[in-house]
Amino acid sequence: MAAAACVIDTARAASCRDTEAATHLKLISVGVIFFTSVIGISFPVLLARYFQGKPLYDKAVLLIKCFAAGVILSTSLVHVLPDAYEALSDCQVASKHPWKDFPFAGLVTLVGALLALFVDITASAHVEHGHGESKEAILEYTPVGTQEEIVGKKSVELSKIELGDHKGREREEYLVKLKQKLISQVLEIGIIFHSVIIGVTMGMSQNQCTIRPLVAALAFHQIFEGMGLGGCIAQAGFSMGTVAYMCFMFSVTTPMGILLGMIIFSLTGYDDSNPNALIMEGLLGSLSSGILIYMGLVDLIAVDFFHNKLMTSAPWLKKASFIALTLGSTAMSILALWA
């Protein structure tokens, strides 16, 4: 049965194989996907800039970030992970050792999640130990001397404690910003892995029947994924130069991946159905999925819904945030019908 299915799939792919038409479609897709990527990632960043300094700024950024979390989680579970399983379960791969003996897609996804956790722990520990001024040293002050001297020293002590509290709050806010920057950077790495895989796979494909609907689907895919990453970048408070660089890197990754895939095909003759290409797609996709699942659940959803003080400040905000999360995951999941 498996052999018959492979023959049918091969015959179907051969009828749609047209290198010239596929190349033309891919060149069009480079411009279209770059343009939609710029729109997607720029929208939340510009929206946050517009609201900055206004009373609704923090709430607007939170809602954008919750929508982003839904997009990221759906991307990992509905798009990336199924594609990785599909690549490694292809009849050309799954019929050989060791791929038929063990669920490598699940294993590498686990490795990706643990790797993201390791990076998170290491970076957080470095930030906390590297940027600390102990307020306890101020509180250890014990006044001695006459009553007048003690009263004077008490005033000095209270001033020091207030100063320590102020510095403590500033330090806490500073650490939160550093954490948000770390989250955005690790998240972009996971998304770039995913974008490279999509681009290279599409660039290596010579199947015009697959590429034609994929161009439109990927355009919307990049808009929503860009909104997800852009929401996190907007909250992190990067400088304009860093924001522009991160937006540029996201926007060019998939188009560059498409061009790289076209180069690989021209040099090696490997297309997207080659066993080696399928294995690489499956492993990298699984790794990317693990990173995105961890980031979506731990660093985005858990942080905002359980550790964000804004959620308790207004009862409607938690409901609105959950709706934004649901809308983001729903919008991205619907795109799985085409890409």
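Every value quoted in this text rests on a predicted model; they were computed, and no experiment measured them.

Cut-offs applied
Residues numbered from 1 in each chain as written. Predicted model: local features only at pLDDT ≥ 70, side-chain atom pairs only at ≥ 80, totals over all residues. Heavy atoms only, no water. Helix = DSSP H or I, 4+ residues; strand = E, 2+ residues; numbered from the N terminus. Buried < 20%, exposed > 50% of the residue type's maximum accessible area, 1.4 Å probe, protein only. Contact = heavy atoms within 4.5 Å. Areas by Shrake-Rupley, 256 points an atom, 1.4 Å probe, with all protein chains shown as cover. Expected span 1.5 Å × (residues − 1). Bend = angle between axes of the 7 residues up to and from the residue. Salt bridge = Lys/Arg side-chain N within 4 Å of Asp/Glu carboxyl O. Axes fitted to C-alpha atoms, helices over the stretch in contact; angles between N-to-C directions. Parallel < 35°, antiparallel > 145°, perpendicular 65-115°, else oblique. Left-handed = near helix turned anticlockwise from the far one by under 90°. Core = buried A, V, L, I, M, F, W, Y, C linked by side-chain atoms within 4.5 Å. Phe/Tyr/Trp six-rings, centres within 6.5 Å; stacked < 30°, edge-to-face > 60°. Disulfide = S-S within 2.5 Å. Nonpolar A, V, L, I, M, F, W, Y, C, P; charged D, E, K, R; others polar. pLDDT = per-residue confidence, 0-100.

## Focus: the overall build of the chain
On a plain count of helices and strands, the chain comes out with 12 helices and zero strands. Helices and strands in the chain line up, N terminus first, as α-α-α-α-α-α-α-α-α-α-α-α. Counting only residues that meet the buried cut, the chain has 43% of its 339 residues in that class. Sequence separation of 24 or more characterises 86% of the internal contacts of the chain that already satisfy a separation of 6 or more. Working note: accessible area of the chain is about 17,700 Å², and carbon and sulfur atoms make up 70% of it.

## Some points on helix α9 (residues 240-268)
An ideal rise of 1.5 Å per residue puts 42 Å on 29 residues; α9 measures up with 41 Å between its terminal C-alpha atoms. Largest kink in α9: about 35 degrees, centred on Thr253, with the proline Pro255 one to four residues after it. The positive-phi residue at the C-terminal boundary of α9 is Gly269, with phi of around 80 degrees.

## Some thoughts on the pattern of salt bridges
Overall, the coordinates contain one salt bridge when judged by the stated rule. Of the charged contacts, one joins Lys65 and Asp304 as a salt bridge, the two residues approaching to 3.7 Å between their closest N and O atoms. Here Lys65, found in helix α3 (residues 57-88), pairs with Asp304, found in helix α10 (residues 275-307); they are 239 residues apart in sequence, far enough to count as distant. Neither residue differs from the other here; Lys65 and Asp304 are each classed as buried.

## Here's the deal with the environment of Leu107
Considering the arrangement of structural elements, one finds Leu107 in helix α5 (residues 104-130). Judged by relative accessible area, Leu107 falls into the partly exposed class, the value being 34%. Taking the C-alpha atoms as reference points, Leu107 and Gly290, separated by 183 residues in sequence, lie 9.5 Å from one another.

## With respect to the packing of α3 against α10
At a closest axis distance of 8 Å, the pairing of α3 and α10 adopts a crossing angle of 155 degrees. The orientation of α3 relative to α10 falls into the category roughly antiparallel. Like other packed secondary-structure pairs, α3 and α10 cross with a definite hand, here left-handed.

## Comments concerning the nonpolar core
One finds Leu187, Ile191, Phe224, Leu229, Ile233, Met295 and Leu300 to be the most contacted residues of the largest nonpolar core, which totals 42 residues. Elements with a contribution of two residues or more to this core: α2 (19-51), α3, α7 (147-204), α8 (208-236), α9, α10 and α12 (315-334). Among the elements that line this core, the one with the most residues is α3, at eight residues. Setting aside chain neighbours within four positions, we find Ile191 in contact with Ile72, Glu225, Leu229, Phe250 and Leu292. Formed by 12 residues, the second largest nonpolar core is a distinct cluster that contains Ile33, Ile211, Leu214 and Ile258.

## Some points on the packing of aromatic side chains
The tally for this structure, following the rule as stated, stands at three aromatic pairs. Where Phe67 meets Phe224, the ring centres are 6.5 Å apart and the plane angle is 45 degrees; that geometry is what we call tilted. Here Phe67, found in helix α3, pairs with Phe224, found in helix α8; they are 157 residues apart in sequence, far enough to count as distant. Grouping aromatic residues by their ring pairs yields a cluster made of Trp99, Phe102 and Phe104.

## A word on the environment of Ile28
Its location among the elements puts Ile28 in helix α2. By relative accessible area, Ile28 is classed as partly exposed at 42%. Note: C-alpha distance between Ile28 and Val215 (187 residues apart in sequence) is 8.5 Å.

## Here we look at the state of the cysteines
Summed over the entire model, instances satisfying the criterion amount to zero disulfides. Here Cys232 is not disulfide-linked; the sulfur of Cys66 is the nearest cysteine sulfur, at 10.0 Å.

## Observations concerning the packing of α2 against α8
Running from N to C, α2 and α8 point in directions that differ by 20 degrees, and their axes come no closer than 7 Å. Taken together, the axis directions place α2 and α8 in an arrangement best described as roughly parallel. Note on packing geometry: the crossing formed by α2 with α8 is right-handed. Here the contact of α2 with α8 is composed, by residue class, of 19 nonpolar, nine polar and two charged.

## Things to note about the confidence of the model for the chain
Across the chain, the average pLDDT comes to 78, with 81% of residues at or above 70. For residues 1-5, every residue scores under 50 in pLDDT, and the model assigns this stretch zero contacts once sequence neighbours within four places are set aside. Note on residues 133-142: pLDDT is under 50 here. Beyond four places in sequence and across chains, it has 10 contacts.

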